[in-house]
Amino acid sequence: MQVNKINRYYFTRIIKLMSFRENLRNELNFQDLQTKELAQKTGINKRTLDGYLAKNGNEPTVGNAVKIAQVLGVSVEYLTTGKDSDFSGENSSQEMILFHKYRNFVKKIESLPEDTNNCLSFLVDKLIK
């Protein structure tokens, strides 16, 4: 009986690590962000982040998971489960793909110089009317 509890604990922990690790890695790839950049933006040591991404890595503290999620613009739920409560129902995966696509598009626009950004805003307004 005791062995089953221990095995279940480690199995659950491994699944959680795999999910967080894979979701974090996928999000970093999706945003074309290096671990070094994430470390600078979150204030989390690069070695710590590398540990989260390692095959037998560590689980992040709640505080670090929140920092990572905030910088990446995703929820902690998304990093840990691959799903987000904002997206539910039969079209949830399509909604998430569009969300990430447009979120990154907006980030790119925000990084443009202000005059270019204003010009784009003017063009979009004219296209909509």
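Look a little higher up for the structure.
If you're wondering where the values come from, they're calculated on a predicted model, not measured in any experiment.

What about the nonpolar core?
Moving on, step 1. If you look at the biggest cluster of nonpolar residues, it comprises 16 residues, and the most contacted ones within it are Leu24, Leu28, Leu38, Leu49, Ile68, Leu72 and Leu79.
Moving on, step 2. Listing elements by their share of this core, those giving two or more residues are helix H1 (2–30), helix H2 (35–42), helix H3 (46–53), helix H4 (62–72) and helix H5 (76–81).
Moving on, step 3. Leave out the neighbours within four places in its chain, and Ile68 touches Phe20, Leu24, Leu38, Thr42, Ile44, Leu49, Tyr52 and Leu79.

Observations concerning the packing of H2 against H4
When two helices pack together, their arrangement is given by the angle between their axes and by how far apart the axes lie.
Moving on, step 1. Taken N-terminus to C-terminus, the directions of H2 and H4 make an angle of 105°; their axes are 10 Å apart at the nearest point. As the angle between them shows, H2 and H4 are arranged roughly perpendicular. Judged by residue contacts, Leu38, Lys41 and Thr42 of H2 engage Lys67, Ile68, Val71 and Leu72 from H4.
Moving on, step 2. Tallied by class, residues from the contact of H2 with H4 come to four nonpolar, one polar and two charged.

Focus: a nonpolar patch on the surface
Moving on, step 1. Taken together, the side chains of Leu98, Tyr102, Phe105 and Val106 make up a nonpolar region of the molecular surface, amounting to roughly 390 Å² of accessible area.
Moving on, step 2. Summarising the element assignment, Leu98 is placed in helix H6 (residues 92–110).

With respect to the packing of H2 against H3
Moving on, step 1. In contact at an axis separation of 9 Å, H2 and H3 are set at 125° when each is read in the N-to-C sense. In terms of their interaxial angle, H2 and H3 are classed as oblique. Note that H2 runs across H3; the crossing there is right-handed. Across the interface between the two elements, Thr35, Lys36, Leu38, Ala39 and Thr42 from H2 touch Lys46, Leu49, Asp50 and Leu53 from H3.
Moving on, step 2. Of the residues contributing to the contact of H2 with H3, the split by class is four nonpolar, two polar and three charged.

Topic: the packing of aromatic side chains
Moving on, step 1. For the coordinates displayed, the defined rule picks out one aromatic pair.
Moving on, step 2. Both rings, one in Phe20 and one in Tyr52, keep their centres 6.2 Å apart while their planes meet at 90°; by these two values the pair is edge-to-face. With Phe20 in helix H1 and Tyr52 in helix H3, this pair connects stretches of sequence that are 32 residues apart.
Moving on, step 3. The exposure class of Phe20 is buried, given its relative accessible area of 3%.

Regarding H4
Moving on, step 1. Among all positions of H4, only Asn64, Ala65, Ile68, Ala69 and Leu72 are buried. Take H4 and look down its axis: the buried residues cluster within an arc of 135°, on one side only. Turned more than 90 degrees from where H4 packs its buried face, Val62 and Gln70 sit exposed.
Moving on, step 2. Positive backbone phi, at 75°, marks Gly73, one or two positions downstream of H4.

Parameters and conventions
By convention here, each chain's residues receive numbers from 1 onward along its written sequence. With the structure being a predicted model, the display of local features is reserved for residues of pLDDT at least 70 and the display and counting of side-chain atom pairs for 80 or more, all residues being used for whole-chain, interface and lining totals. To obtain the side-chain values, all non-hydrogen atoms of the structure were included, while hydrogens and water were left out. The term nonpolar core refers to a set of buried residues drawn from Ala, Val, Leu, Ile, Met, Phe, Trp, Tyr and Cys, joined through side-chain atoms within 4.5 Å. Note on exposure labels: buried denotes an accessible area under 20% of the residue type's maximum, exposed denotes more than 50%, and partly exposed covers the range between, all computed with a 1.4 Å probe on protein chains only. Helix and strand definitions follow DSSP, with helices as H or I runs of at least four residues and strands as E runs of at least two, each counted in order from the N terminus. The contact criterion used throughout is that any non-hydrogen atoms of two residues lie within 4.5 Å. Interaxial angle, 0 to 180 degrees, is taken between N-to-C directions of lines fitted to C-alpha atoms, where a helix line uses only the stretch in contact. Each angle is binned into one of four classes, with values under 35 degrees roughly parallel, values over 145 roughly antiparallel, values of 65 to 115 roughly perpendicular, and all other values oblique. Here the term charged refers only to Asp, Glu, Lys and Arg, the term nonpolar to Ala, Val, Leu, Ile, Met, Phe, Trp, Tyr, Cys and Pro, and the term polar to all other amino acids, Gly among them. Within the patch definition used here, like charges are joined within 9 Å and nonpolar side chains (Val, Leu, Ile, Met, Phe, Trp, Tyr) within 5 Å, considering only residues with over 30% relative accessible area and no salt bridge. Only the protein chains shown count as cover for residues, and all accessible areas are computed by the Shrake-Rupley method using a 1.4 Å probe. In the sections that follow, a salt bridge refers to a side-chain nitrogen of Lys or Arg positioned within 4 Å of a carboxyl oxygen of Asp or Glu. Left-handed describes a crossing whose near helix is turned anticlockwise from the far helix through less than a right angle; right-handed describes the clockwise counterpart. Only Phe, Tyr and Trp rings take part, Trp by its six-membered ring, and two of them pair if their centres are within 6.5 Å. Stacked means planes under 30 degrees apart, edge-to-face means over 60, and tilted covers everything else. Directions from the helix axis toward the C-beta atoms define the arc.

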